[in-house]
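The residues making up each chain are set out below.
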2 protein chains.
Amino acid sequence: MNKVITVSRAFGSGGRELGKRLAELLGIAYYDHEIISGIAQKSGLAEAYVNSVVDRKVAARYPITIGRTFSNAFDPQLELNLRIYTQQCDIIKELASRSDCLLIGRCSDHILRECRPFNMFVHADMDARVHRCREKEPAGENLSDAALKGRILETDRGRAQYYKFWTEREWGAKEHYALCVNTTHMEIRDLALPLSGLLKALLYNE
Amino acid sequence: MNKVITVSRAFGSGGRELGKRLAELLGIAYYDHEIISGIAQKSGLAEAYVNSVVDRKVAARYPITIGRTFSNAFDPQLELNLRIYTQQCDIIKELASRSDCLLIGRCSDHILRECRPFNMFVHADMDARVHRCREKEPAGENLSDAALKGRILETDRGRAQYYKFWTEREWGAKEHYALCVNTTHMEIRDLALPLSGLLKALLYNE
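Because the structure is a prediction, the values reported are computed rather than measured.

J.: Explain the overall build of chain A residue by residue, including any values.
T.: Within chain A, the regular secondary structure consists of 8 helices and 7 strands. In summary, chain A has a C-alpha radius of gyration of 18 Å against a globular reference of 17 Å for 206 residues, a match within 12%. By its C-alpha atoms, chain A is 50 × 45 × 30 Å across when sized along the principal axes. Within the span of chain A, comprising 206 residues, buried residues form 50% of the whole. Here the analysis covers contacts within chain A between residues at least 6 apart in sequence; of these, 71% occur between residues at least 24 apart. On chain A, roughly 10,300 Å² of surface is accessible, and the fraction owed to carbon and sulfur atoms is 49%. Averaging the locations of the 29 positively and 27 negatively charged side chains of chain A gives two centres separated by 3 Å.

J.: Any details on helix 4 (residues 76-98) of chain B? Residues and values, ideally.
T.: Taking 1.5 Å per residue as the helical rise, helix 4 of chain B with its 23 residues ought to reach 33 Å, and the 33 Å between its terminal C-alpha atoms agrees with that figure. Of all the positions in helix 4 of chain B, only Leu-78, Asn-81, Ile-84, Tyr-85, Gln-87, Gln-88, Cys-89, Ile-91, Ile-92, Leu-95 and Ala-96 of chain B are classed as buried.

J.: Residues and numbers for the sheet that holds strand 5 (residues 101-104) of chain B, please.
T.: Taken together, 10 strands build an open sheet; the order of strands is 2(A)-5(A)-1(A)-6(A)-7(A)-7(B)-6(B)-1(B)-5(B)-2(B) and the sheet is mixed. At either end of the open sheet lies a strand with only one pairing partner, and these are strand 2 (29-31) of chain A together with strand 2 (29-31) of chain B. When strand polarity is set aside, the average angle formed by the axes of neighbouring strands in this sheet is 15°. Taken together, the 5 bridges between strand 1 (residues 4-9) of chain B and strand 6 (residues 118-123) of chain B define a ladder with parallel strand orientation. Each residue of the ladder has a partner; that of Thr-6 of chain B, found in strand 6 of chain B, is Asn-119 of chain B.

J.: Run through the confidence of the model for chain A, naming residues and quoting values.
T.: Any segment with low pLDDT has predicted coordinates that should not be analysed in fine detail. Residues of chain A with pLDDT of at least 70 account for 91%, and the chain-wide mean is 87. This prediction of the complex comes with two scores: 0.88 for pTM and 0.87 for ipTM.

J.: Break down the packing of aromatic side chains for me, with residues and values.
T.: In this description, an aromatic ring pair is defined by two values, namely the gap between the centres and the angle between the planes. All names here are of chain A. This model, assessed by the stated rule, comprises 12 aromatic pairs over all chains. Ring centres of Tyr-85 and Trp-166 lie 4.3 Å apart, and the angle between their planes is 5°; on these two criteria the pair is classed as stacked. On the criterion of sequence distance, the pair formed by Tyr-85 in helix 4 (residues 76-98) and Trp-166 in helix 7 (residues 145-167) is long-range, its members being 81 residues apart. Accessibility classification places Tyr-85 together with Trp-166 in one group, the buried group. What links up through ring pairs into an aromatic cluster is the set Tyr-85, Tyr-162, Phe-165 and Trp-166. Between Lys-3 and the ring centre of Tyr-204, over which it is positioned, the NZ or CZ distance is 6.0 Å.

J.: Which residues make up the environment of Lys-200 of chain B, and what values go with them?
T.: All names here are of chain B. As for its position among the elements, Lys-200 is in helix 8 (residues 188-204). Exposure remark for Lys-200: the relative accessible area of 27% places this residue in the partly exposed category. With 164 residues separating them along the chain, Lys-200 and Ile-36 place their C-alpha atoms 28 Å apart. Beyond its immediate chain neighbours, meaning those up to four positions away, Lys-200 contacts Leu-25, Leu-26, Asn-205 and Glu-206.

J.: Please give an account of unusual backbone geometry that cites residues and values.
T.: Located in the positive-phi region is Cys-107 of chain B, a residue other than glycine, with phi close to 60°. Relative to the assigned elements, Cys-107 of chain B resides in the loop between strand 5 and helix 5 (108-111).

J.: Explain helix 7 (residues 145-167) of chain B residue by residue, including any values.
T.: All names here are of chain B. Its 23 residues place the ends of helix 7 32 Å apart at the C-alpha level, agreeing with the 33 Å of an ideal helix rising 1.5 Å per residue. Those residues of helix 7 that are buried are in contact with strand 1, helix 3 (47-53), helix 4, helix 5 and helix 6 (126-135). The positive-phi residue at the C-terminal boundary of helix 7 is Glu-168, with phi of around 60°.

J.: Any details on the interface of chain A and chain B? Residues and values, ideally.
T.: Counting residues at the interface gives 23 residues for chain A, matched by 23 residues for chain B. When the two sides are added together, the surface that chain A and chain B hide from each other amounts to roughly 1,700 Å², 69% of it contributed by carbon and sulfur. Where chain A touches chain B, the interface holds 0 salt bridges. Across the chain A-chain B interface, the total number found is 11 residue pairs in polar contact (both at pLDDT 80 or more). Among the elements of the structure, strand 6 (118-123), strand 7 (179-182) and helix 8 (188-204) of chain A are those that each provide at least two residues to the side of chain A that touches chain B. Among the elements that take part in the side of chain A that touches chain B, helix 8 of chain A stands out by supplying 8 residues, more than any other. Within the side of chain A that touches chain B, the residues separate by chemical class into 14 nonpolar, 5 polar and 4 charged.

J.: Describe in detail the nonpolar core, supporting the description with residues and values.
T.: Soluble globular proteins tend to pack their nonpolar side chains together in the buried interior. Counting residues in each nonpolar core, the largest one holds 60 residues, and the members touching the most others are Ile-35, Val-50 and Leu-103 of chain A together with Val-50 and Leu-103 of chain B. Sequence-distant contacts of Val-50 of chain B, that is, excluding residues within four places in its chain, are made with Ile-36, Ile-39, Ala-40, Ser-43, Leu-45 and Ile-84 of chain B. Leu-26 and Ala-178 of chain A together with Leu-179 and Ile-188 of chain B belong to the second largest nonpolar core, which has 48 residues in total.

Rules used in this analysis
Residues numbered from 1 in each chain as written. Chains lettered and ligands numbered in written order. Predicted model: local features only at pLDDT ≥ 70, side-chain atom pairs only at ≥ 80, totals over all residues. Heavy atoms only, no water. Helix = DSSP H or I, 4+ residues; strand = E, 2+ residues; numbered from the N terminus. Rg over C-alpha atoms; globule rule 2.2 N^0.38 Å. Buried < 20%, exposed > 50% of the residue type's maximum accessible area, 1.4 Å probe, protein only. Contact = heavy atoms within 4.5 Å. Areas by Shrake-Rupley, 256 points an atom, 1.4 Å probe, with all protein chains shown as cover. Lys, Arg positive; Asp, Glu negative; His and termini not counted. Charge placed at Lys NZ, Arg CZ, Asp CG, Glu CD. Expected span 1.5 Å × (residues − 1). Pairing = 2+ DSSP bridges. Axes fitted to C-alpha atoms, helices over the stretch in contact; angles between N-to-C directions. pLDDT = per-residue confidence, 0-100. Phe/Tyr/Trp six-rings, centres within 6.5 Å; stacked < 30°, edge-to-face > 60°. Lys NZ or Arg CZ within 6 Å of the ring centre and 35° of its normal. Buried area = accessible area lost by both parts, 1.4 Å probe. Salt bridge = Lys/Arg side-chain N within 4 Å of Asp/Glu carboxyl O. Polar contact = N/O pair within 3.5 Å; in protein donor to acceptor, adjacent residues only side chain to side chain. Nonpolar A, V, L, I, M, F, W, Y, C, P; charged D, E, K, R; others polar. Core = buried A, V, L, I, M, F, W, Y, C linked by side-chain atoms within 4.5 Å.

Quick look at the structure:
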C-alpha cells in the first residue's frame, strides 16, 4: 500500500506551503488543486463551480439521513453536492492508489481512512494568520485586518461545515490527526526540513 | 533565556516516556516527580499528599473569584490548594531558570508562558492507552479493560479540571500547544529520535 500523507489546514496557517515543501523534500506526489480539476473533468462541471462547493457549507435543506435512512425528498442542490462528493472520493482514492503522495484537505484524511494515511492538521493563532495572509495579499487588495480576519473565519467555518457534513466528525479535532502543528511562532521554510525528517523516520524507517 | 519544553499528556499516551527520552536525546534536564518533591519540601507537606492534590480536581466549595474579586469566604481546603499551587509556580519557575529543561505537566506550559516554552501535548485513542497501561501494569494487578478505561478517564478528568481551575484554559486544546502528537499507531522509542531532531532544529537551529 502506498504511503499517504494528508494535510488539513486552517486558512492562513501556512499548511498548503508546508505540505508542498514536505512533498518536495520527501520526493512524493503533491495534490492540491489537482483534486478540484479532477472532479471538474469527471463531472463535467466548471472548475470554478466545483471550487465554490468543495470545502464550503453544504446548502442542504434536509439532513442527508433521516432516521438512519436516506431521505426521499428530492433536493437538486444536495443531489449536485452528493455527485461532487462522490467524484471527490473517486479522484482522491485514485490519486492515492497511483504512488506515495501528499494531499491537501478536501476530506482526504476521512476518504482514505482505510489506507491508514498519516494525517496532519496545521493551524496558527489569528494574529499569525492575519500576518501571513497580509504577506501573500495580491497587490492593491489592501483589506483591513478586520476584513482579513472575517475572511479567515468564514473560510474555516466553511471547511468545518463541509467536513462535518460528509464525515460526521469535527474538523481540526486533534484526535483525528497523527500530528497537529501550530505554526504561530514558526517559519514554514524552517519547519519543513526537520518535519520531513520526522516523516521519513516514521513512514519510511529512514 | 533558557530553552524550555513542556510535555502535557493524556494518561496512558506514553507522554512521560516520550518526554524522558526527548530530554535524554537533547541533553537537557528532565523534571517530572521532582516538581512534586520540590513542593513537598517547600511547603512541609507530605509528598503523597501533594501528589494527591496536583493534577486533580480542586475541591473548592466556591469559585476562586466571585464577580472578578477574590471571595472573602474562608475555605481551608482551597487555602491549602492555593498554597500548593503557589509553591508549584515557584518551583517550576526556579527549575526553568536553572538550565534548558523539559518539564512534564503540572500546568508548566501556563506557569512558564512568559518564557515562551515549546509546548507539546501527547495523546492517543482509548484502545491504545488501555494497551499501553496493560503493558506497564504491576504484576498481580489484573484490572479489567473497563476498570483500566475508568482509571484513564478519571485521571484525564482530574488533570483537565486542575488545569482549567488554575489557568482558565481547556486542557489539551490544540491551540495552546506548538505540537500535538497522537501516539496511537506509534512506538515511543521510534518516535523519540526523529522528534528530537525536529526539536533540535526548531529550538537550537541544529
